[in-house]
Amino acid sequence: MKRVDTIFLWLTVALVAVGFFIFISASLGLYAREGVQFSRVVFNQIFFGVVLGALALFGASKINYKFWRKYAFYIFLFSLAFTALVFIPGVGFSHGGATRWLALGPFSIQPAEILKIGFVIYFATWLSGVGSKVQSFLHGLLPLIILLIITGALLLLQPDTGTFLVILITGLGMFIIAGGRWLHLGALTGAGIAGMGVLALMRPYIKTRLLTFLDPTSDPFGAGYQIQQSLIAIGSGQWNGRGLGQSIQKFNYLPEPIGDSIFAVFAEEWGFIGSIILIGLFLAFALRGLKIASKAPNTFSRLLVSGLILLIVVQSFINIASMLSVFPLTGMPLIFVSQGGTALLVALASVGIILNVSKYAR
């Protein structure tokens, strides 16, 4: 057993540190918004995200990765039950037309973040158990479909299409890494596209987002307002940006400046060069994580690390792509940067699991 991968650890520290400064700068825009307390928002991010996240990282790095395989089924069941609590009146609460949060006194948590990591742990356990049989429909594609149906039912009822999309892409990635057939991947991808079309017909907000993606200028003061303001912010940054704290769009123009729009605020303040550096940090994080996966001691740990890396990176790049209007808006936060103590805590716990696997690198 070796020490943890220090390069991966320092990349994580860099992302958290940079993300926190971006968050603080974007939070200044809250002073111009009624009913929002700047100090409370920052405290929640520091305590639940940074402090508890650091403790979760340290604790998870000390737990032998074999523990997650031993209790994978129970962890997945717990994550499903925990996520289902949002549908209980008085326990779950709604915001922006979605029921995704649990109220814990003055604080709130988003249990879907736990479901994501529970899915990865259980699917990695299943794939490592079936071995080469993953290429068969019965042992490979069918279990993935069943898991996606179960998680999708919980998430789409909230509705939380973005989180389900991240789980779907992560599951497909793990399936291929485990040796699944590309034919099965193509069939499931086609079914997913068809399913998205059906959802768009059933749920007007999905149809609106898709139409806005195809033509962002069609409704600049309605459905296309957020993406228009995002593109204005990003374009205003030009090469070098306006400077730290100098964003204009975060003041009563850009919706959710500390949420899913935070990359636009960052791009306005730091410009093209700063944006490339941030994207480069995420790429370095992904490549180093995949290198840890390639040297993992066994199939389970390799799939576990790959799945956790995919969860973080896929969501982050979907967020950035949506702000650049090269992907439909999903409402998902930018990991390590956006507001969301639960998301940051779970992401750092995932990093802790990856660091533990890195101790046993071949």
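Further up the page is the structure itself.
Residues numbered from 1 in each chain as written. Predicted model: local features only at pLDDT ≥ 70, side-chain atom pairs only at ≥ 80, totals over all residues. Heavy atoms only, no water.

Chemist: Break down the overall build of the chain for me, citing the residues and quoting the values.
Modeler: Helix and strand counts for the chain come out as 13 helices and three strands. On C-alpha atoms alone, the chain measures out to a radius of gyration of 20 Å, which is about the 21 Å that the 2.2 N^0.38 rule sets for 362 residues. If one aligns the C-alpha atoms of the chain with their principal axes, the spans along those axes are about 55 × 50 × 45 Å. For the chain, the proportion of its 362 residues judged to be buried stands at 51%. For the chain, the exposed area adds up to about 16200 Å²; of that, 70% sits on carbon and sulfur atoms. (Helix = DSSP H or I, 4+ residues; strand = E, 2+ residues; numbered from the N terminus. Rg over C-alpha atoms; globule rule 2.2 N^0.38 Å. Buried < 20%, exposed > 50% of the residue type's maximum accessible area, 1.4 Å probe, protein only. Areas by Shrake-Rupley, 256 points an atom, 1.4 Å probe, with all protein chains shown as cover.)

Chemist: Please set out the environment of Tyr-65 residue by residue, giving values where relevant.
Modeler: Counting through the fold element by element, Tyr-65 comes out in the loop between α2 (38-62) and α3 (66-70). Look at Tyr-65 and you get buried, because its relative accessible area is 4%. Once the C-alpha coordinates of Tyr-65 and Val-305 are considered, the two residues, 240 residues apart in sequence, prove to be 10.0 Å apart. Residues in contact with Tyr-65, not counting those within four places in the same chain, are Pro-297, Asn-298, Phe-300, Ser-301, Asn-356, Val-357 and Tyr-360. (Contact = heavy atoms within 4.5 Å.)

Chemist: Let's hear about the pattern of salt bridges: which residues, and what values?
Modeler: Here the idea is simple: oppositely charged side chains can pair when their charged atoms come close. In this structure the tally under the stated criterion is four salt bridges. Between Lys-116 and Glu-113 there is a salt bridge, and its shortest N-O distance comes to 3.0 Å. Of this pair, Lys-116 and Glu-113 are both found in helix α5 (residues 112-130), three residues apart, which corresponds to roughly one turn of the helix. Of the two residues examined, Lys-116 and Glu-113, each falls in the buried class. When the shortest N-O distance is used, the salt bridge between Arg-242 and Glu-268 registers 3.0 Å. Within this pair, whereas Arg-242 is found in the loop between α10 (225-237) and α11 (262-294), its partner Glu-268 is found in helix α11, the two being separated by 26 residues in sequence. Residue classification places Arg-242 among the partly exposed residues on the basis of a relative accessible area of 39%. (Salt bridge = Lys/Arg side-chain N within 4 Å of Asp/Glu carboxyl O.)

Chemist: An account of the packing of aromatic side chains is requested, with residue identities and associated values reported.
Modeler: Throughout the structure, instances matching the rule amount to 16 aromatic pairs. Consider the rings of Phe-67 and Tyr-71, whose centres lie 5.0 Å apart with planes at 50°: the pair is tilted. Given a relative accessible area of 36%, Phe-67 falls into the partly exposed group. Taking relative accessible area as the criterion, Tyr-71 reaches 33% and is therefore assigned partly exposed. Ring geometry for Phe-263 against Phe-266: centres 6.4 Å apart, planes inclined by 40°, an arrangement best described as tilted. Here Phe-263 pairs with Phe-266, and both are found in helix α11, just three residues apart, close to one helical turn. Joined through ring pairs, the aromatic side chains of Phe-8, Phe-282, Phe-285, Phe-317 and Phe-336 make up one cluster. (Phe/Tyr/Trp six-rings, centres within 6.5 Å; stacked < 30°, edge-to-face > 60°.)

Chemist: With reference to specific residues and values, describe a nonpolar patch on the surface.
Modeler: On the surface, Ile-63, Phe-67, Tyr-71, Phe-73, Tyr-74 and Leu-77 cluster together to form a nonpolar patch covering roughly 560 Å² of accessible area. Here the nonpolar patch takes three residues from helix α4 (residues 72-84), the largest share from any one element. Structurally, Tyr-71 is set in the loop between α3 and α4. (Patch = residues over 30% accessible without salt bridge, like charges linked within 9 Å, V, L, I, M, F, W, Y side chains within 5 Å.)

Chemist: Any details on the packing of α2 against helix α13 (residues 341-358)? Residues and values, ideally.
Modeler: Here α2 crosses α13 at 20°, and the two axes come no closer than 7 Å. Classed by the angle they form, the pair α2 and α13 counts as roughly parallel. Two packed elements cross with a definite hand, and for α2 against α13 that hand is right-handed. Counted together, Gln-45, Phe-48, Gly-49, Val-50, Leu-52, Gly-53, Ala-54, Ala-56, Leu-57, Ala-60, Ser-61 and Lys-62 of α2 and Gly-341, Leu-344, Leu-345, Leu-348, Ala-349, Val-351, Gly-352, Ile-353, Leu-355 and Asn-356 of α13 form the full contact between these two elements. (Axes fitted to C-alpha atoms, helices over the stretch in contact; angles between N-to-C directions. Parallel < 35°, antiparallel > 145°, perpendicular 65-115°, else oblique. Left-handed = near helix turned anticlockwise from the far one by under 90°.)

The analysis is restricted to geometry; functional conclusions fall outside its scope.
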